[in-house]
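Here's the letter readout for the chains.
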Amino acid sequence: MEDCSKDSEQIPPQKEALSAEGEESKDVEENPATYERLIELLKENNIEYKLTTHKPTKTSQESADVRGATLASGAKAMLIVDHSKKFNLVYFLCVMSAARKISWKKVKGIIGTKKLRLATVEEVIAKTG
């Protein structure tokens, strides 16, 4: 597994709360199917877990604060789009420590492209439900 991040003590919330177009993220209603499937898998495999509920958060730091944990104890997942071929978008899921920033240069090198961007809210919903 390649490390495509760079060290960061804290990610500025204003940058993480923005979409690929630089606009504030839109509030959307999530499909509960993914959540329900995850809970089902945990139970089927007798995996112990702790479920906590809280208001939605927009940044990794907000999420850590709500959990009462350090930023480094969490992970973030970003859906990335290779748009080098206009009519054939390719999607990648980048999961990394919440305390680190993505290095676009490293990710581009790993994937082998020069045109990457974060997925839009609509693309995330379409791909993940």
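The structure under discussion appears in the preceding block.
Conventions used here
Residues numbered from 1 in each chain as written. Predicted model: local features only at pLDDT ≥ 70, side-chain atom pairs only at ≥ 80, totals over all residues. Heavy atoms only, no water. Patch = residues over 30% accessible without salt bridge, like charges linked within 9 Å, V, L, I, M, F, W, Y side chains within 5 Å. Areas by Shrake-Rupley, 256 points an atom, 1.4 Å probe, with all protein chains shown as cover. Salt bridge = Lys/Arg side-chain N within 4 Å of Asp/Glu carboxyl O. Helix = DSSP H or I, 4+ residues; strand = E, 2+ residues; numbered from the N terminus. Pairing = 2+ DSSP bridges. Axes fitted to C-alpha atoms, helices over the stretch in contact; angles between N-to-C directions. Contact = heavy atoms within 4.5 Å. Buried < 20%, exposed > 50% of the residue type's maximum accessible area, 1.4 Å probe, protein only. Core = buried A, V, L, I, M, F, W, Y, C linked by side-chain atoms within 4.5 Å.

A. Local environment of a nonpolar patch on the surface. There is a patch of nonpolar side chains on the surface, built from Tyr 35, Tyr 49 and Leu 51 and spanning about 310 Å² of accessible area. Structurally, Leu 51 can be placed in the loop between α2 (33-44) and α3 (60-67).

B. Quick look at the sheet that holds strand β3 (residues 90-97). Strand order in the open sheet formed by three strands is β3-β2-β5, with antiparallel pairing between adjacent strands. In the strand order of this sheet, the two ends are held by β3 and β5 (116-118), each with one partner. Looking at each pair of strands side by side, their axes are set apart by 35° on average, direction ignored. The sheet contact formed by strand β2 (residues 75-82) and β5 spans three bridges and is antiparallel. Across the sheet, the residue bridging to Val 81 is Arg 117, located in β5. Along the sheet face, helix α5 (residues 121-128) touches β2, β3 and β5 and points at about 100° away from the line of β2.

C. Molecular detail of the pattern of salt bridges. Tallied over the entire structure, the rule returns three salt bridges. Between Glu 40 and Arg 37 there is a salt bridge, with the nearest N and O atoms lying 2.7 Å from each other. Pair noted here: Glu 40 and Arg 37 are both in helix α2, with a separation of three residues, about one helical turn. The exposure class assigned to Glu 40 is partly exposed, which follows from its relative accessible area of 38%. Of the charged contacts, one joins Arg 37 and Glu 44 as a salt bridge, the two residues approaching to 3.9 Å between their closest N and O atoms. Given a relative accessible area of 39%, Arg 37 falls into the partly exposed group. A single network of salt bridges, built from pairs that share partners, joins Arg 37, Glu 40 and Glu 44.

D. Representation of the nonpolar core. In this structure, Met 78, Ile 80, Cys 94, Met 96, Ile 102, Val 107 and Leu 116 together form the largest nonpolar core, which totals seven residues. Those elements that provide at least two residues to this core are β2 and β3.

E. Inspection of the environment of Gly 74 at higher detail. Among the secondary structure elements, Gly 74 is positioned in the loop between α3 and β2. In this structure Gly 74 comes out as buried when scored by relative accessible area, which is 15%. For Gly 74 and Ser 63, which are 11 residues apart along the polypeptide, the C-alpha to C-alpha distance reads 8.3 Å. When near neighbours in sequence (up to four residues on either side) are disregarded, Gly 74 contacts Arg 67, Met 96, Ser 97 and Ala 98.

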